[in-house]
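Single-letter residue listing:
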Amino acid sequence: MNITVGDPRRLGVPGPEARLRFEAEPQESGSGPGRRVLAVDGKPAFELSFWCGSCQFLFRRLEGADESLSLEGVQERLAGQLPDLDDGVLDAFGTLLPEGDYLPLLFSVEPRLVVPGQEGDYFSHEQVTTWGLDAFWGLPEYPHTPYYRTFETVVDDEAHLYEFVVPMVPPTWNERERVEEYAEQMERGTVPTAVAVSTLDVCQPAMDRSTDYYTHWGLTHFLLDGHHKLEAAASVGRPVQLLSLLALGESLSEASDQDRLAALRAQPSEIRGARRAQ
């Protein structure tokens, strides 16, 4: 799997000027951190994995996720496959982000659209085997959005990496004509580029009460540009290029984990347990 990795770079704008921000909501009692969220224009858009590290991996769509964040000035460059990391595109999307250190990654994905609770849903299957059902609700975690599964691979005997592309708005909001146009282009060999801000959350239960106990590495790409492209690629089984800006300081992972990510993402895809089943 070809992947281009840049050096970490400082991007973003300070404070409230950024359209996207990673925030900790205050607890109602006023002590300790509340929900960890990705906010858009000051409104919580996604609830993320909780800070504890032993809680379930999570992305859950909230009311603030109600628009994509495409930038008109770079659409022509993103219409096809970028030959390399494009400083102009990186700087343009950097104006949406909170000031911080980001690792740019450029690689190809073959997305598969998943509906929560249905076949292929990580939250109903892989997560349940490790954390079980929610103790109060008696149900799996629910992300409140369709999403794309793109890749998974072995980290080591005790950990597995899962990758997701999460749209800011559900595919049902996409314009049908644009999706069909991209699908036709892809079937003729075009590989367009999508852009995302990403997190790497490493999560493991504090105690082993599961049928499959291991550490889950959740690599989540929150889609800024490319909603129609991802749906089109999933519908015709074609690849799309993804330009990811991994938010190093906002991920629930150590620097040593983040340093391994490029090599892990370059491995062949491998389903959890495939080696043991051979």
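Everything here concerns the structure above.
Worth saying up front: this structure is predicted, and the values here are computed from it rather than measured. (Residues numbered from 1 in each chain as written. Predicted model: local features only at pLDDT ≥ 70, side-chain atom pairs only at ≥ 80, totals over all residues. Heavy atoms only, no water.)

**So, a nonpolar patch on the surface**
- Among the surface-exposed residues, Phe136, Trp137 and Leu139 lie close enough to one another that they form a single nonpolar patch of about 440 Å² accessible area.
- Its location among the elements puts Phe136 in the loop between helix H3 (126–131) and strand S9 (147–156). (Patch = residues over 30% accessible without salt bridge, like charges linked within 9 Å, V, L, I, M, F, W, Y side chains within 5 Å. Areas by Shrake-Rupley, 256 points an atom, 1.4 Å probe, with all protein chains shown as cover. Salt bridge = Lys/Arg side-chain N within 4 Å of Asp/Glu carboxyl O. Helix = DSSP H or I, 4+ residues; strand = E, 2+ residues; numbered from the N terminus.)

**Brief notes about the nonpolar core**
- Counting residues in each nonpolar core, the largest one holds 43 residues, and the members touching the most others are Leu20, Phe46, Phe93 and Phe222.
- Broken down by element, the residue count for this core peaks at four residues, all from helix H2 (residues 87–94).
- For Phe93, the residues in contact, after removing those within four places along its chain, are Leu69, Leu71, Val74, Leu78, Val195, Leu224, Asp225 and Leu245.
- Residues Leu103, Phe107, Leu161 and Leu223 belong to the second largest nonpolar core, which totals 30 residues. (Core = buried A, V, L, I, M, F, W, Y, C linked by side-chain atoms within 4.5 Å. Buried < 20%, exposed > 50% of the residue type's maximum accessible area, 1.4 Å probe, protein only. Contact = heavy atoms within 4.5 Å.)

**Points about the packing of helix H4 (residues 176–187) against helix H5 (residues 227–236)**
- Interaxial distance between H4 and H5 falls to 8 Å at its minimum, and their mutual angle equals 55 degrees. Viewed along their axes, H4 and H5 adopt a mutual orientation that is oblique. Between H4 and H5 lies a crossing whose hand is right-handed. Here H4 contributes Arg176, Arg178, Val179, Tyr182, Ala183, Met186 and Glu187 to the contact with H5, which in turn contributes His228, Lys229, Glu231, Ala232, Ala233, Ser235 and Val236.
- The residue inventory of the contact of H4 with H5, partitioned by class, reads seven nonpolar, two polar and five charged. (Axes fitted to C-alpha atoms, helices over the stretch in contact; angles between N-to-C directions. Parallel < 35°, antiparallel > 145°, perpendicular 65-115°, else oblique. Left-handed = near helix turned anticlockwise from the far one by under 90°. Nonpolar A, V, L, I, M, F, W, Y, C, P; charged D, E, K, R; others polar.)

**A closer look at unusual backbone geometry**
- The phi torsion at Asp41 lies on the positive side, around 55 degrees, for a residue other than glycine.
- A positive phi angle, close to 60 degrees, is found at His144, a residue other than glycine.
- Looking at His144, the relative accessible area reads 45%, which means it is partly exposed.

**Here's the deal with the side chain of Arg61**
- Residue position: Arg61 is located in strand S6 (residues 59–61).
- It turns out Arg61 is buried and unbridged, and the closest side chain with the opposite charge, Asp66, is 7.2 Å from it.
- In terms of polar contacts, Arg61 uses its side chain to reach the backbone carbonyl oxygen of Ala65, at 2.8 Å.
- Those residues within four positions of Arg61 in sequence are excluded, and the remaining contacts are Ala45, Phe46, Pro143, His144, Thr145, Met168, Val169, Pro170 and Trp173. (Lys, Arg positive; Asp, Glu negative; His and termini not counted. Polar contact = N/O pair within 3.5 Å; in protein donor to acceptor, adjacent residues only side chain to side chain.)

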